[in-house]
Amino acid sequence: MLMPSKVKYRKQQKGRRRGTALRGSSLAFGDFALQAMECGWLTARQLEAGRVAIQRHVKRGGKLWIRVFPDKPITKKPAETRMGKGKGAPEGWVAVIKPARLIFEIEGVDEKTAREAFGLAQDKIGIKTRFVTREVLESVR
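Residues numbered from 1 in each chain as written. Predicted model: local features only at pLDDT ≥ 70, side-chain atom pairs only at ≥ 80, totals over all residues. Heavy atoms only, no water.

Caption draft 1: Fine view of the overall build of the protein. For the protein, the helix and strand inventory stands at 3 helices and 7 strands. Along the protein, from the amino end to the carboxyl end, the secondary structure elements read β-β-α-β-β-β-β-α-β-α. Principal-axis analysis of the C-alpha atoms gives the protein an extent of 55 × 35 × 25 Å. Looking at the 141 residues of the protein, the share that counts as buried comes to 35%. Excluding contacts between residues fewer than 6 apart, the proportion of contacts in the protein whose partners are at least 24 apart in sequence is 81%. Of the roughly 9,400 Å² of accessible surface on the protein, a fraction of 50% belongs to carbon and sulfur atoms. Side-chain charges in the protein split into 31 positive and 14 negative, and the spacing between the mean points of these groups amounts to 13 Å. (Helix = DSSP H or I, 4+ residues; strand = E, 2+ residues; numbered from the N terminus. Buried < 20%, exposed > 50% of the residue type's maximum accessible area, 1.4 Å probe, protein only. Contact = heavy atoms within 4.5 Å. Areas by Shrake-Rupley, 256 points an atom, 1.4 Å probe, with all protein chains shown as cover. Lys, Arg positive; Asp, Glu negative; His and termini not counted. Charge placed at Lys NZ, Arg CZ, Asp CG, Glu CD.)

This is the structure in structure tokens:
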């Protein structure tokens, strides 16, 4: 699973997920992409499940890029613990997702296959997304 090899601080504050993505909203590598339509946190497990679903569907044809990285630690206190006594221990890692951010990119497959593969990945990640092509993103600009 994806996680940073080393971080400066073990624990982070929650932060706010407002506004749209400044970076990572244009196709850089592939021909088709899965674009986020709402804010959210994607866990390392969700990203891995999406990646596996895509690669199983395209049967190792084409090249896949994961455009986000889970670098934010999420903490959790043990069950049935009273209030106070500090912040909980790091539990997992998430990637902060804002609207318009591209999550996956793919090339080397036809549009129908890419659309079906991203449809499977869409079910694995818990935020609203849409399928975009290079032509769609260029027409928006």
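Caption draft 2: A look at helix 2 (residues 111-124). Under the 1.5 Å per step criterion, the end-to-end length of helix 2 is 20 Å for 14 residues, consistent within 8% with the ideal 20 Å. Inspection of helix 2 places Ala114, Ala117, Phe118 and Ala121 among the buried residues, and these make up the whole buried set. Along the axis of helix 2, the buried positions cluster into a sector of 95°, meaning they face one direction only. Exposed side of helix 2, more than 90 degrees from the buried face: Lys112 and Asp123 are the residues found there. Tucked inside the fold, the buried residues of helix 2 contact strand 1 (32-36), helix 1 (44-58), strand 6 (102-107) and strand 7 (129-133). (Expected span 1.5 Å × (residues − 1). Arc of directions from axis to C-beta.)

Caption draft 3: The packing of helix 1 against helix 2, seen in detail. Contact geometry for helix 1 and helix 2: axes closest at 8 Å, N-to-C directions at 150°. Our classification of the angle between helix 1 and helix 2 gives roughly antiparallel. The handedness of the crossing between helix 1 and helix 2 is right-handed. Residues Gln46, Ala49, Gly50, Ala53, Ile54, His57 and Val58 of helix 1 pack against Thr113, Glu116, Ala117, Phe118, Leu120, Ala121 and Lys124 of helix 2. (Axes fitted to C-alpha atoms, helices over the stretch in contact; angles between N-to-C directions. Parallel < 35°, antiparallel > 145°, perpendicular 65-115°, else oblique. Left-handed = near helix turned anticlockwise from the far one by under 90°.)

Caption draft 4: The arrangement of the pattern of salt bridges in detail. The tally for this structure, following the rule as stated, stands at 4 salt bridges. Across the pair Arg51 and Glu48 runs a salt bridge whose closest N-O atoms are separated by 2.5 Å. Of the two residues, Arg51 and Glu48 both sit in helix 1, 3 residues apart, roughly one turn of that helix. Judged by relative accessible area, Glu48 falls into the partly exposed class, the value being 28%. (Salt bridge = Lys/Arg side-chain N within 4 Å of Asp/Glu carboxyl O.)

Caption draft 5: Region of interest: the packing of aromatic side chains. For the structure shown, the criterion picks out 3 aromatic pairs. When the ring of Phe118 is compared with that of Phe131, the centres are 5.9 Å apart and the planes differ by 50°; the resulting orientation is tilted. Residue Phe118 is located in helix 2, and its partner Phe131 is located in strand 7; the two are separated by 13 residues in the primary sequence. Using a relative accessible area of 2% as the deciding quantity, one classes Phe118 as buried. Connected via pairs of aromatic rings, a cluster forms that spans Phe32, Phe118 and Phe131. Its end group placed over the ring of Trp41, Arg17 keeps NZ or CZ at 4.8 Å from the ring centre. (Phe/Tyr/Trp six-rings, centres within 6.5 Å; stacked < 30°, edge-to-face > 60°. Lys NZ or Arg CZ within 6 Å of the ring centre and 35° of its normal.)

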